[in-house]
Amino acid sequence: MSRAYMGAAVRVAAPPERVFALLTDWPRHREWMVLTSAWNAGEGRVEAFTGIGPFGFLDTMTITRWEPPRLVRVRHTGRLVRGEGAFRVKPCDGGSRVVWAEALELPFGPLGRALWPLARPLAGALARLSLRRLARLAA
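Residues numbered from 1 in each chain as written. Predicted model: local features only at pLDDT ≥ 70, side-chain atom pairs only at ≥ 80, totals over all residues. Heavy atoms only, no water.

Draft legend 1. Here's a closer look at the packing of helix 1 (residues 16-23) against helix 2 (residues 109-138). Two numbers describe how helix 1 lies on helix 2: the axes approach to 10 Å, and their chain directions differ by 125°. Accordingly, the angle class assigned to the pair helix 1 and helix 2 is oblique. Judged by the twist between their axes, the crossing of helix 1 over helix 2 is right-handed. Seen from helix 1, the contacting residues are Arg 18, Val 19, Leu 22 and Leu 23; seen from helix 2, they are Leu 134, Leu 137 and Ala 138. Taken together, the residues that form the contact of helix 1 with helix 2 break down as six nonpolar, no polar and one charged. (Axes fitted to C-alpha atoms, helices over the stretch in contact; angles between N-to-C directions. Helix = DSSP H or I, 4+ residues; strand = E, 2+ residues; numbered from the N terminus. Parallel < 35°, antiparallel > 145°, perpendicular 65-115°, else oblique. Left-handed = near helix turned anticlockwise from the far one by under 90°. Contact = heavy atoms within 4.5 Å. Nonpolar A, V, L, I, M, F, W, Y, C, P; charged D, E, K, R; others polar.)

What follows is the structure in structure tokens.
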């Protein structure tokens, strides 16, 4: 199983407490995360659907670290998305800096490894777009 890494960051004109609260308000993800709706799925669990209509995938996650207002880490446990993810919020001049990082296990074996160089720029662009939308919403 190969690992793939993706990360994005944004400055937000809001204090870390406000940003962290918005990041971890799972039902509000649809307001800023591209093509994604999320919800609480029980104690320490989150689920998210990314896609359009019936076309997409379910991402199941377990929260592995919770340190408000600085850090939330998850373990992706779904059939398609597996690995680790994190949102880190750091105070900075004029507000906060948010870093979103993912270390994922590529699905589909050799095909997944071959396609990742094509998918990575798109994944990064969508993450950056989502974080810019988060910044506008939090400010």
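The discussion continues.
Draft legend 2. Molecular detail of the packing of aromatic side chains. Counting across every chain of the model gives three aromatic pairs. On the numbers, 5.3 Å between centres and 65° between planes, the contact of Phe 20 with Trp 66 is edge-to-face. With a gap of 46 residues between them, Phe 20 in helix 1 and Trp 66 in strand 4 (residues 55-67) connect regions that are remote in the sequence. Among the residues examined, Trp 66 registers a relative accessible area of 43% and is labelled partly exposed. Arranged with centres 6.1 Å apart and planes meeting at 65°, the rings of Trp 32 and Phe 87 form a pair that is edge-to-face. With Trp 32 in the loop between helix 1 and strand 2 (36-40) and Phe 87 in strand 6 (residues 82-92), the pair connects residues that are 55 residues apart, well separated along the chain. Take Trp 32 and Phe 87: they sit in the same class, and that class is buried. Through a chain of ring-to-ring contacts, the aromatic side chains of Trp 32, Phe 87 and Trp 100 assemble into a single cluster. (Phe/Tyr/Trp six-rings, centres within 6.5 Å; stacked < 30°, edge-to-face > 60°. Buried < 20%, exposed > 50% of the residue type's maximum accessible area, 1.4 Å probe, protein only.)

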